[in-house]
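# Architecture at a glance
Each chain, written out:
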Number of protein chains: 2
Amino acid sequence: MEKLEALKRLFPGKVDLSESERLRHGKDEGYPLARPVLAVVYPESVEDVQKALQWAREWEVAVIPFGAGTSLEGHLYPTREAISLDLSRMNRLLEVRPEDFLCVVEPGLTRKALNEALKGTGLFFPVDPGADASLGGMAATGASGTTTVRYGGMRQNVLALQVVLAGGEVLELGRPVRKTSSGYDLKDLFIGSEGTLGIITRLTLRLHPLPEHVHTLRVFFPGVEEAVEASYRVMATGLPVARLELLDELAMRALNRYLGAGFPERPALFLEFHASTEEALEAESTLALELMREAGALSVEAAKTEEERKRQWEARHQAYWALVHLYPGHHFVITDVAVPLSRLAEMVRYAQGLMAEMGLAGNILGHVGDGNFHTLVPVLPEAYPKAEAYAERLVKRALELGGTCTAEHGVGLRKKKFLPKEHGNALEWMRKIKALLDPEGLLNPGKVLDISPSPGYS
Amino acid sequence: MEKLEALKRLFPGKVDLSESERLRHGKDEGYPLARPVLAVVYPESVEDVQKALQWAREWEVAVIPFGAGTSLEGHLYPTREAISLDLSRMNRLLEVRPEDFLCVVEPGLTRKALNEALKGTGLFFPVDPGADASLGGMAATGASGTTTVRYGGMRQNVLALQVVLAGGEVLELGRPVRKTSSGYDLKDLFIGSEGTLGIITRLTLRLHPLPEHVHTLRVFFPGVEEAVEASYRVMATGLPVARLELLDELAMRALNRYLGAGFPERPALFLEFHASTEEALEAESTLALELMREAGALSVEAAKTEEERKRQWEARHQAYWALVHLYPGHHFVITDVAVPLSRLAEMVRYAQGLMAEMGLAGNILGHVGDGNFHTLVPVLPEAYPKAEAYAERLVKRALELGGTCTAEHGVGLRKKKFLPKEHGNALEWMRKIKALLDPEGLLNPGKVLDISPSPGYS
C-alpha cells in the first residue's frame, strides 16, 4: 500500500507491521473485541508525533495513542482504519526537581519506573491504578486508584501538559506551580479526553514527600455492609487515611488460592495511614481501629514490616489476576461506578443482589473512601451478554443515585451509551469541543463520544 | 430608553437604575477605574437568568455577573454597554447532605453564610480567600486562599455546577461524587472563566469534617528569607499543615496600628494544624516547631483558645484593611504571583529589592505553602503608574521562573497582557473556546481575553 510505504519512509526503524503487534495494539485489557491496527508507529520525539499526524491527515487515517495497553473500556480498539502511536519509546524522565516537588516526564514512562527512578529523592508519585500504566495513558484516561482518597488522582497531580493537536500544533498547558487562576483550564480538558483531543507528549507531575511513618492494616468483617460502614466512619473523622480498600469474601478466596496465602475469607478493609511522626501515626491508627470495632470488625491484622506491607498491596493489586487464574477461558466484565458516599453500602448490596439474581458470581473490590467500587465478573464467552446486561443495570442504578458511570476507567467505547443520561445536553457541547479541536475526527475516533449524536440521544 | 423599559417590564421589582448602584456594580475592590453599568438586575431564579440573557441578546447589551463585588483585577468594570446580573438574591443553601460530605448552593450565598449555616453538622467548607466572597464568584475566579495548602481551592472543592450559556441553555456539569472519569471535564473549564463562558447558577460543593483538634501558631523570624525557608521545611516533611501564611514586618506593623495589637514587628509565619487526635496534633506541632527553630525562628506564640485562634486569622484577613487605614487617599496595587516552591525565597527577595529600588513601600503577605504571595502597595493616585510598573516587572520575573501571573485573583482586565507570554499559542485556543460558547461576545466582554488577538500578540 502506498500509504504504508510513505509511513515507512517517514519513520525508518520506527514502524512495525507484524500481525502480532498490529493485533496487540488493537486491544486493551478489558474490552472483549480486538482488531489489528494498520501499523504501529513508535515516535521518539514530539516532532515524530507531529510527522505522524501530518501523515494521518494526508492519508485520512485515524491515530490511536497507545501507552502501556492497560486500559479497560475499549480505548484502543480501532473503529476504523487507524495507526497506533505507541509512545513507549518516549519514556524518559526528563527532569526531577525535588526542591519543587515535581518532575517532568515523557508520556511512555510507567508509574513504577518513575517511582523506581525517584528512589533516594525522598519523594514519590502517588497515583496508583494497580496496573503499571504509562503516565501519559493515566493522564489521558483521568486515572486514579488506591491512594486517591489521600493524594488525589491524575487531575490533582498533573501540573502541566504538552499536547500535540490533530493539526500538528504543540500546546503547553498549565505551569509548574501549585496553583494558578490564569486563563481557561485547558489542561483539565485534555486530562480524561482519552486521546480524542490531542496527543500528550510531556507531563509535569506533582511529587509528594515519602511518608516518614506508614501503618498498614487488614480488618475483617462479618459482611460487606459492616466493612462499608467502617470505611464511612473513617472518612467522617477526617483521619488522614492514605488507602481504604474493600475486598469482598470472594476476592479474598481468589487471592488465597492464587497466592497460596492464608487470609481470612471474609469481607476485608485494607487500610494504610501515612504520617510525619510516629506518635501521630499511632494515635490515628488507634482511633481507626476503634471505629472499625464499633462498626463490627471481627479481626485485625497489622503489617509489621515494609516487606509485609508491600505484600499486602501487591495482593490487592493481584485481585484481578487471581480471578483470571481461577477462571481460565473466561471473559471478565469489570464495572466501575462511583456514587455519593452515603449510598455506597446500598449500591454494593444492590450489586450483590443483582449478581445473585442473574446467576453471576463476581468479586467486589472498592476504593470505598471515594465511593467507588468495581465488580469483576468472570463469564464464559456465551454468557458475556448477561454480564454486560448486569453492568448496564448497575450503571443505571448508580446514575439514579447521582453517581457516575465511570469513576476511573474512562469511557472508551463501552461507556458511551451512558453519557446522554449522565451529562444531558452538556454532551452536545463536548461534541462541539471535539469538532473544534479535531475537525477531521482523526484522533481516536469513536471513543468518549461520536461526533454526530448517536441514535439513542434525545 | 426602550431597552430599559423592556428590562423593567421583564423584571418588575428586580431592576435598580440608581446612579449609586450602577456605579457600585461597575467596580471591584482592586481595579482603579469604575464606570456605571446600564442597569442592575437581581435575578431570583435560573429562569430569570435565562430571561436576562434573552433580553441581552435581543438588545445586544453585555452581561456581567456580580457576586459580592470582592474581585480585584477589573472583573466587574464594563468595557462596553452592559447590565450587571447581581446574584445576591440567589443565595439559598438548597441542600446539605452531611452523609455525603456535600451541599448544594445558589451562587449568591457567601462562604461565611454557608459556614454559619453548616454549624452543628460537624462539617465546613474550607476555601477561604479572606473576603466574604460569594461562592459563585469564587468558582468563577478559581479562588483559593489560606487553607488551600491542605484542602485545595475551588477547583478541588466544586463537584458540580449548573451554568447558563449565553444562548440561554442550561448545562449540568459534574456529578455529586468524589471522582469521575466520564467525558470531557467542562466543569473545570467554567471554573476560573470569570463569567465569560456562562453564568453559574448552582454549585455542588464538597464539605470536610471539622477538625477535632486545631493548633494555631505565630512564629517570628529575623528576616523574610528565614520565614520562607521554615515554610519550605514544613512542606518537605509532608506535615498536614492546614494554613501556612507569611506576613512581613510591614504587615505586622500595620496590623498593630490598625488593631491596637502587640504582635512582634518581625516577619512572621502564621500556621495552623488540623488533626483527628490530640496526640497527632501534639507530635506534628512539635515537629513543626523544631523545623522553625532550625530555620532560625526568634520566638513562637501559640493560640491557646478558640477565641485567640479566631483573632489570629481575623488579624491575617485584616492585613489589607490595616494598610488601607494607614494610607488614606491611596490606591492599592495588589500583586498575586506564584512560582515553583524552591524559587519563592528568591522571588520575595526580588520583590523587596524592586520596591526599594522604585521607592515603593509595600507589604508582603504569602500563602507560602503554595508558592504564592501578594504585595500590597499603597500609592497616591499620581504614583499609580509606578506601582503598576512594579507589578508588571514582578510578573515578568515570576514567568521567567516558571510561575504564573495570577495564582488566585484571576485575570480580569489587568492580567490580560501577560497571557500571551504565559500560555503561548494555547491562548488562541482559549479564544476559540470563548467564540464557541459565546459567539456574540455578550458575557463579561474583554475579561480574561479579547475575542480577536490583541495587538501585542505574536
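Calculation criteria
- Residues numbered from 1 in each chain as written.
- Chains lettered and ligands numbered in written order.
- Predicted model: local features only at pLDDT ≥ 70, side-chain atom pairs only at ≥ 80, totals over all residues.
- Heavy atoms only, no water.
- UniProt positions renumbered as here; feature names shortened; annotations may be inferred.
- Helix = DSSP H or I, 4+ residues; strand = E, 2+ residues; numbered from the N terminus.
- Buried < 20%, exposed > 50% of the residue type's maximum accessible area, 1.4 Å probe, protein only.
- Pairing = 2+ DSSP bridges.
- pLDDT = per-residue confidence, 0-100.
- Contact = heavy atoms within 4.5 Å.
- Axes fitted to C-alpha atoms, helices over the stretch in contact; angles between N-to-C directions.
- Parallel < 35°, antiparallel > 145°, perpendicular 65-115°, else oblique.
- Left-handed = near helix turned anticlockwise from the far one by under 90°.

Chain A is annotated in an unreviewed UniProt entry as D-lactate dehydrogenase (cytochrome) from Thermus aquaticus. What the UniProt record of chain A gives under Sequence similarities (unreviewed entry) is the line "Belongs to the FAD-binding oxidoreductase/transferase type 4 family." According to UniProt, the comment filed for chain A under the heading Cofactor (unreviewed entry) is "FAD".

## Notes on the UniProt feature "domain: FAD-binding PCMH-type" (unreviewed entry) in chain A
As recorded in UniProt, the feature "domain: FAD-binding PCMH-type" (unreviewed entry) lies at residues 33–210 of chain A. The straight-line gap between the two end C-alpha atoms of residues 33–210 of chain A is 40 Å; of that span, 23% is helix and 26% is strand.

## A word on the pairing of strand S10 (residues 199–206) of chain A
Residue and element names in this part refer to chain A. Within S10, seven of the eight residues are buried, leaving the element largely enclosed by the surrounding structure. Pairing geometry for strand S6 (residues 102–105) and S10, over four bridges, is antiparallel. From the neighbouring strand, Leu102 faces S10, where its bridge partner is Arg206. Two elements, strand S8 (residues 158–164) and S10, share six bridges in a ladder whose sense is antiparallel. Bridged to Leu161 within S10 is Leu203.

## Side note on the confidence of the model for chain A
Overall, the predicted model of chain A reaches an average pLDDT of 95, with 99% of residues at or above 70. The model gives residues 454–458 of chain A a pLDDT under 50, and that stretch makes seven contacts with residues more than four places away or in other chains.

## Section: the packing of helix H14 (residues 344–358) of chain B against helix H15 (residues 384–400) of chain B
Residue and element names in this part refer to chain B. Across the interface, H14 lies against H15 with an axial gap of 11 Å and an inter-helix angle of 155°. As summarised for this structure, H14 and H15 are arranged roughly antiparallel, according to the angle between their axes. Crossing geometry of H14 relative to H15 is assigned as right-handed. From H14, Glu346, Met347, Tyr350, Ala351, Leu354, Met355, Glu357 and Met358 reach across to H15, where they touch Lys386, Ala389, Tyr390, Arg393, Leu394, Arg397 and Ala398.

## Description of the sheet that holds strand S9 (residues 170–174) of chain A
All names here are of chain A. Ordered by their spatial adjacency, five strands build an open sheet running S5-S6-S10-S8-S9, and the pairing between neighbours is antiparallel. The two strands at the open ends of the sheet, each matched to only one other strand, are strand S5 (93–97) and S9. Neighbour-to-neighbour, the strand axes of this sheet turn through a mean angle of 10°, independent of strand direction. Sheet topology note: the S5/S6 ladder contains four bridges and is antiparallel.

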